[in-house]
Amino acid sequence: MDLSFTSTEEAFREEARTWLAENVPAEPLASMDTPEGFEEHRAWEHILFDAGWAVVSWPERYGGREASLVEWLIFEEEYWASGAPGRVSSNGVSLLAPTIFDFGTPEQQDRFLRPMARGDEIWAQGWSEPDAGSDLAGIKTRAPRDGDHFVIDGQKTWCSRGAFADWFFCLVRTDPDSERHAGLSYLLVPGDTEGLEARAVGRLDGEPGFAELFFDGARVHERYLLGGEGEGWAVAMATTGSERGLNLRAPGRFMAAADRLVGLYKELAESRGSDLGRRDQVVSAWMGAQAYRWQTYATEARLRGGAPIGSEASFMKVLWSELDVELHATALRLLGRDGERADSSWMDGYVFALSGPIYAGTNEIQRNIISERVLGLPRR
Amino acid sequence: MDFSFSDDQIMFQEAVRDLLANECPPEVVRAAWENDTGRTDGLWASLAEMGVVGMTAPESAGGLGMDETDLVLLLEEAGRAALPEPLLEHTAVGIPTLAEAGGSVAEAWLERAAAGEATLGAGPDDGYAPGAATCDLVLLIGGQIRAVPVGSASLVEHRSVDGSRRLFEVDGDAVVLDADAALAFDRAAAAAAAQCVGVAQHLLDTTVEYAAQRFQFGKPVGSYQAVKHHLANTALKIEFARPAVRHAAWCIATGEPDRSRDVSLAKALAAEAVDLAARTALQCHGAIGYTFEYDLHLWMKRGWALSAVWGDAAWHRNRIAEALGM
């Protein structure tokens, strides 16, 4: 055990910090869930990619620098501490790409990874349906084969940034007579496919951050099938491992928010005096972020030792999503009369954080997974 | 950055776990509740023979020259077994503190302590020293560290809710040690945190086992979501406390500048984990867990005690706030 960073890791941190200090936009970008903000964030992804920072842990041929998992965690710490913009490409990079690395053909990897990493093609997820949310195996969208194409009919919903995305990764029923986990396939669908319509839906903050997707005889070529036909469930579960676990929300994001919260407390205490009750709530949030940090580095060592991420990813998903709510709720309480103001980044962050315990498998589902698959309690 | 333990460290942990599984079953813990000393018959000697008791002493004093990163896994095991022996006071605090202090006190006691021939106790200066009557030298830790030989001290005994913990007020002629009292306190807090994690893990494991085989309404109670989520919440607390505790051990071993803050992080998280584990264990067992005959309370009460000593969660949260400049 050596919990200090190696000189290579320290040098990597320094390089990232220096680049970010020189390149992070001085003014915050418009919300990525508006048309203009989406394109501003896309332009930022180009800048990151061209400097080699978009996908640090990826192979060089796809625009990465083959950084270790520890280095990626370091990059995330520096990225969020620098106040850099949110990552509009994160659904593709964090959720789809690991699946393409695992299940994609070499042609698919060459076709999709680089444009995804540069933000030239931004991806949205088409999994949930009006009648299939937590119970994902209940999806009904059909996509029977017709020659070398699949023909999609049905509806997807809650597609984050689906109103602006270039591509969709969808879970569909290619065997129309199948039920539950069988007969599903993982299809990559171009946004301009004829017979596909994306309609924006206002999110809790009023912005068109969601889309519903309507498929009406949309034809998708078989070269866009990811993994085997009918094997979509296994392929999709590989993606949920990433979504809940290490890839989507690294500790750096919450460490940075906790540090800002500590700063907010100190700033307000200067004018209003100390408030030990609220101070303790700030400590609680700071502790959560630190606990997540050390648990993640411990997990990194387990993974390096050959262990799978597996169901333990559910621990992380519950922790970061509930921590994010707690952090922002604490900030709003600290702000007193200004807490309800709509023009604060803390309110934006709070509204966004509230989605965390719902998406990527609700936290109730995560607790079921922890109790059944980690602790071994009986399913029924 | 490497959080993995070495093969030797894992083997040492497994050896201690096996020893405690054989020699420290619940009957032995229960016997310690009822005997004169609160300790076991022979377990300390077995641990000394394995090298555990003196492991933190330098090799020149007959120890193994190991540090907190070696010890932390064994402290977790001690918690898991509810071991009623002074591993915290003697091995985690007493020996490293004497080794740091040097001088005549170390000369008189360190080698004997490393060999397990003399037993070191420890307690906060304004608190109790558990098991002091079975010790030879007690370190009282406050703004400074006072070493009191038990032979010439006056002891006032109090009962703890954990019947194996005999609490003593210690008063007597003391020598002030030339050692860092804040460091000694942190050693104790971090060791208590590691034991809390072990106690919490045992409480969770036994409750999972019980919930899987206890049937009501024709199904195991562990199949009901209300029970599952209690246990998942407990598992979450333990999952996120354990790495912080191991990190705190590393901070002590390497002298990190943020040591005190990060020991507080560890103790606060571990205390909260064991508090929740004790509540959950009792609730999910139902009435059987509320009986004296059933073994659950041996761990619950150890958890209550360890959660509170060497700074409880609230105390450590305040220390974190101060360290962050709030």
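Residues numbered from 1 in each chain as written. Chains lettered and ligands numbered in written order. Predicted model: local features only at pLDDT ≥ 70, side-chain atom pairs only at ≥ 80, totals over all residues. Heavy atoms only, no water.

## As for the overall build of chain B
Heads up, the condition is: For helices the rule is a DSSP run of H or I covering at least 4 residues; for strands it is a run of E covering at least 2, with both sets numbered from the N terminus onward. The atom set for the radius of gyration is the C-alpha atoms, and the globule formula is 2.2 Å times the number of residues raised to the power 0.38. Only protein chains enter the accessibility calculation, which uses a 1.4 Å probe; a residue is then buried when its area is under 20% of its type maximum, exposed when over 50%, and partly exposed in between. Whether two residues are in contact is decided by their heavy atoms, any of which lying within 4.5 Å being enough. Throughout, the Shrake-Rupley method with a 1.4 Å probe supplies accessible areas, and for residues the shown protein chains are the sole cover considered. Here Asp and Glu are counted as negative and Lys and Arg as positive; His is not counted, and neither are the chain ends. Every charge is mapped onto a representative atom, which is NZ of Lys, CZ of Arg, CG of Asp or CD of Glu.
Along the backbone of chain B there are 11 helices and 9 strands. The C-alpha atoms of chain B give a radius of gyration of 19 Å, which matches the 20 Å a tight globule of 326 residues would have. Along the three orthogonal principal directions, the C-alpha set of chain B runs to about 70 × 45 × 40 Å. By residue count, 61% of the 326 residues in chain B fall in the buried class. Of the contacts made within chain B by residues no fewer than 6 positions apart, 71% connect residues no fewer than 24 positions apart. About 12,600 Å² of surface is accessible on chain B, with carbon and sulfur atoms providing 49% of the total. Positive and negative charge centroids in chain B, built from 24 and 46 side chains respectively, lie 10 Å apart.

## Looking at helix α10 (residues 296-308) of chain B
Helical geometry note: an α-helix holds 3.6 residues per turn, so side chains three or four residues apart project in the same direction. Residue and element names in this part refer to chain B. Here is the rule we go by: A helix is expected to span 1.5 Å for every residue after the first.
Compared with the 18 Å implied by 1.5 Å per residue over 13 residues, the 19 Å span of α10 between its first and last C-alpha is a close match. For α10, a buried count of 11 out of 13 residues is recorded, marking the element as mostly surrounded by other parts of the structure. Within α10, the full set of buried residues consists of L296, H297, L298, W299, M300, K301, R302, G303, A305, L306 and S307. Buried residues along α10 sit against α2 (26-34), α4 (68-80), α7 (181-213), α9 (259-285) and α11 (313-323). Positive backbone phi, at 55°, marks W310, one or two positions downstream of α10.

## Topic: the pattern of salt bridges
All names here are of chain A. For the record, the criterion: A pairing counts as a salt bridge when a side-chain nitrogen of Lys or Arg comes within 4 Å of a carboxyl oxygen of Asp or Glu.
For the structure shown, the criterion picks out 48 salt bridges over all chains. R278 serves as the salt-bridge partner of D275, at 2.7 Å between the closest nitrogen and oxygen. The exposure class of R278 is partly exposed, given its relative accessible area of 33%. Three or more residues are tied together by salt bridges with common partners; here these are R13, R17, E77, E78 and R293.

## Quick notes on the sheet that holds strand β6 (residues 166-171) of chain B
In sheet architecture, strand pairing relies on hydrogen bonds along the backbone and comes in two forms, parallel and antiparallel. All names here are of chain B. Quick reminder of the rule: For two strands to count as paired, DSSP must find a minimum of two bridges between them.
Taken in spatial order, the 3 strands line up as β2-β6-β5 in an open sheet, and their pairing is antiparallel. Whereas interior strands pair on both sides, the edge strands pair on one side only; in this sheet they are β2 (129-130) and β5 (154-159). Bridge count between β2 and β6: 2 bridges; the pairing is antiparallel. Considered in β6, the bridge of P130 is made with L167.

## Considering the pairing of strand β4 (residues 167-173) of chain A
All names here are of chain A. With 7 of 7 residues buried, β4 is to be regarded as a mostly interior element. Side-chain alternation along β4 places W167, F169, L171 and R173 on one buried face and F168, C170 and V172 on a second face that is also buried. The pairing of β4 with strand β5 (residues 184-190) spans 7 bridges and is antiparallel. For W167, the partnering residue across the bridge sits in β5 and is P190.

## Quick look at the domain arrangement of chain A
Often, the extent of an interface is quoted as the loss of accessible area upon association of its parts. All names here are of chain A. Our working rule: For each domain, the first and last residues come from an automatic or database assignment. Put simply, buried area is the surface a 1.4 Å probe can reach on two separate parts but cannot reach once they are joined, added for both. Polar contact is the term for a pair of N or O atoms within 3.5 Å; when the atoms are in protein, one must be able to donate a hydrogen and the other to accept it, and sequence-neighboring residues count only if both atoms are side-chain atoms. All amino acids are sorted into three groups, where Ala, Val, Leu, Ile, Met, Phe, Trp, Tyr, Cys and Pro are nonpolar, Asp, Glu, Lys and Arg are charged, and the leftover types, Gly among them, are polar.
Taken domain by domain, chain A consists of domain 1 (7-88), domain 2 (123-230) and domain 3 (245-374). Overall, the association of domain 1 and domain 3 removes approximately 1,000 Å² of surface from exposure, summing both partners, and the carbon and sulfur fraction of that is 70%. One can count 1 salt bridge joining domain 1 with domain 3. Taking the shortest distance from any N to any O, the salt bridge between R293 and E77 comes out at 2.9 Å. Across the contact surface, domain 1 and domain 3 share 2 residue pairs in polar contact (both at pLDDT 80 or more). For the side of domain 1 that touches domain 3, the element with the most residues is helix α3 (residues 69-81), which contributes 9 residues. Of the residues assigned to the side of domain 1 that touches domain 3, the class counts are 7 nonpolar, no polar and 3 charged.

## Some remarks on the packing of aromatic side chains
Residue and element names in this part refer to chain A. The test is simple: In this analysis, rings of Phe, Tyr and Trp, with Trp reduced to its six-membered ring, are considered paired at centre separations within 6.5 Å, and the interplanar angle assigns stacked below 30 degrees, edge-to-face beyond 60, and tilted for intermediate values. We count a charge as sitting over a ring when the NZ of a lysine or the CZ of an arginine lies within 6 Å of the ring centre and within 35 degrees of the ring normal.
Scanning all chains against the criterion turns up 28 aromatic pairs over all chains. Centre to centre, the rings of W19 and W53 are 6.3 Å apart; their planes meet at 40°, and the pair counts as tilted. Of the two residues, W19 is situated in helix α1 (residues 7-23) and W53 in the loop between α2 (35-50) and α3; the sequence distance between them amounts to 34 residues. Overall, W19 belongs to the buried group, its relative accessible area being 14%. Three or more aromatic residues joined by ring pairs form one cluster here, namely F12, W19, W44, W53, F75, Y79 and W80. The ring of F5 carries R13 above its face, with NZ or CZ at 4.9 Å from the centroid. Sitting over the face of the ring of Y359, K317 holds its NZ or CZ atom 5.8 Å from the ring centroid.

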